[in-house]
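Observations on the three-dimensional arrangement
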Amino acid sequence: MKISKKILAILLAVTLALSLFAVSASAAGTPTGTEAMTVTVTTDNETYEAEAAVQVRVTIACNYNVPSFRFPIMFDSSVYELPTIIGLKAQGTCASKGTINSNTTNGGADFIPEAYDSSAFGCVLVQWTATVANGEVGYLNNEAGELAFTFELKTKASAVGKTGTIFIPAESDLFYYQAIENPADATTFYYLDAETCPMTFVEANAMVVGEQVDLVPNEDYGTPATIDEENRRVYGFAEGILSNAEIKEYVKATGGAVIRSTPTDLGYGTCTKVNLAIDGTTVKSYDLIIFGDIDGDAICDINDLPYVLSYTAGSTICDDPVILFAGDLTNDGVIDVDDLSVFLLATNGSIVIDQTNPY
Ligand SMILES: [Ca+2]
Ligand SMILES: [Ca+2]
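Things to note about unusual backbone geometry
The backbone of Ala298 sits at a positive phi, close to 80°, despite the residue not being glycine. Residue position: Ala298 is located in the loop between β23 (281-289) and α4 (305-313). Even without a glycine there, the phi angle at Asn331 is positive, about 55°. In this fold, Asn331 is placed in the loop between α5 (321-327) and α6 (337-347).

Right, here's the structure in full:
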């Protein structure tokens, strides 16, 4: 586990401060045997708009003299992000009797326990160390609990409809277990551990509200597309569609997103990805379907026939659910001779496949 130079510097500063005491013997404090701490994370609201400031509040209840603490505070990175300035502030006793610092190196990834996917979480490591004043080490000791510090996160633009957790992982090996029996006597420091001082953590959950990012039919257009949210598919486009601009005649995005489609190698046909992006990041993606178009050029013609023949003969298995959906013109879940008949009629111009109601 990497510990930043900044934190090492703080530790050194505390060590130096403590060494100012005239220590005559290497005595140590005696644990009471009942030490315990509860750390509760809350937020200033239960719901937030997208891109809003979230004040994270951390309250500590403890029944012993705590001269230092350190907590990694993790958050769902699909919902929250670190603002440029997190505005960390010590509160109450922690403000008057010590100094607080935070570390967010690599988005806090260095402080996330191995059990967690560090791509799914961010983290703020907060450390408080008591100062020494008038011959006494500062300490926190409040069984009822008091607000120890606050800082800010920000909700993501793409987080609408999501609930995100902010929590301290009990698995962390970064906690401090230092205690002092008599704050006026630096020889009475003692050390606890996870067994002798159980720590309980309470998490916060907040929801981001606002307009959902969705693909919806563009009612300004004559024959709006059909959107299958469950399978994330969109269809109902005319054969031969040529561009993202044409796709946008049929569908539009809500929630402040923009439509950015990714065509296949052959064009804007079956398997084109219709992506919804916010601030350049894709937050939702749909598969475009042109019924009867297998090769992805947006037209059902003779170039698709070899694929259909191969599925029909059983020499190739169609294991792509999007292509299967585009090629199954009889809606029975397979591409077989029945579909081949429809293909032949379509490719010789006898019928035109209805892209809105293909069956
Ligand atoms: Ca085709
Ligand atoms: Ca079929």
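Details of the coordination of the calcium ion (ligand 1)
Within the protein, the atoms that donate to the calcium ion (ligand 1) are Asp293 (OD), Asp295 (OD), Asp297 (OD), Ile299 (O), Asp304 (OD) and Asp304 (OD), at distances of 2.2 to 2.6 Å. Note that the calcium ion (ligand 1) binds six donor atoms; their angles at the metal cover 51 to 166°, and the shape is irregular. Taken in sequence order, the residues that donate to the calcium ion (ligand 1) follow the motif D-x1-D-x1-D-x1-I-x4-D.

Structural notes on the confidence of the model for the chain
Residues of the chain with pLDDT of at least 70 account for 92%, and the chain-wide mean is 91. Between residues 1-5, whose pLDDT stays under 50, and residues either more than four places distant or in other chains, the model counts nine contacts. Long-range and interchain partners of residues 19-25, a stretch whose pLDDT sits below 50, account for ten contacts in this model, where long-range means more than four residues apart.

Criteria and cut-off values
Residues numbered from 1 in each chain as written. Chains lettered and ligands numbered in written order. Predicted model: local features only at pLDDT ≥ 70, side-chain atom pairs only at ≥ 80, totals over all residues. Heavy atoms only, no water. Helix = DSSP H or I, 4+ residues; strand = E, 2+ residues; numbered from the N terminus. Donors = N, O, S within 2.8 Å, 3.2 Å for Na, K, Ca; no water. Tetrahedral: all angles 85-135°; square planar, octahedral: opposite > 155°, others 65-115°. pLDDT = per-residue confidence, 0-100. Contact = heavy atoms within 4.5 Å.

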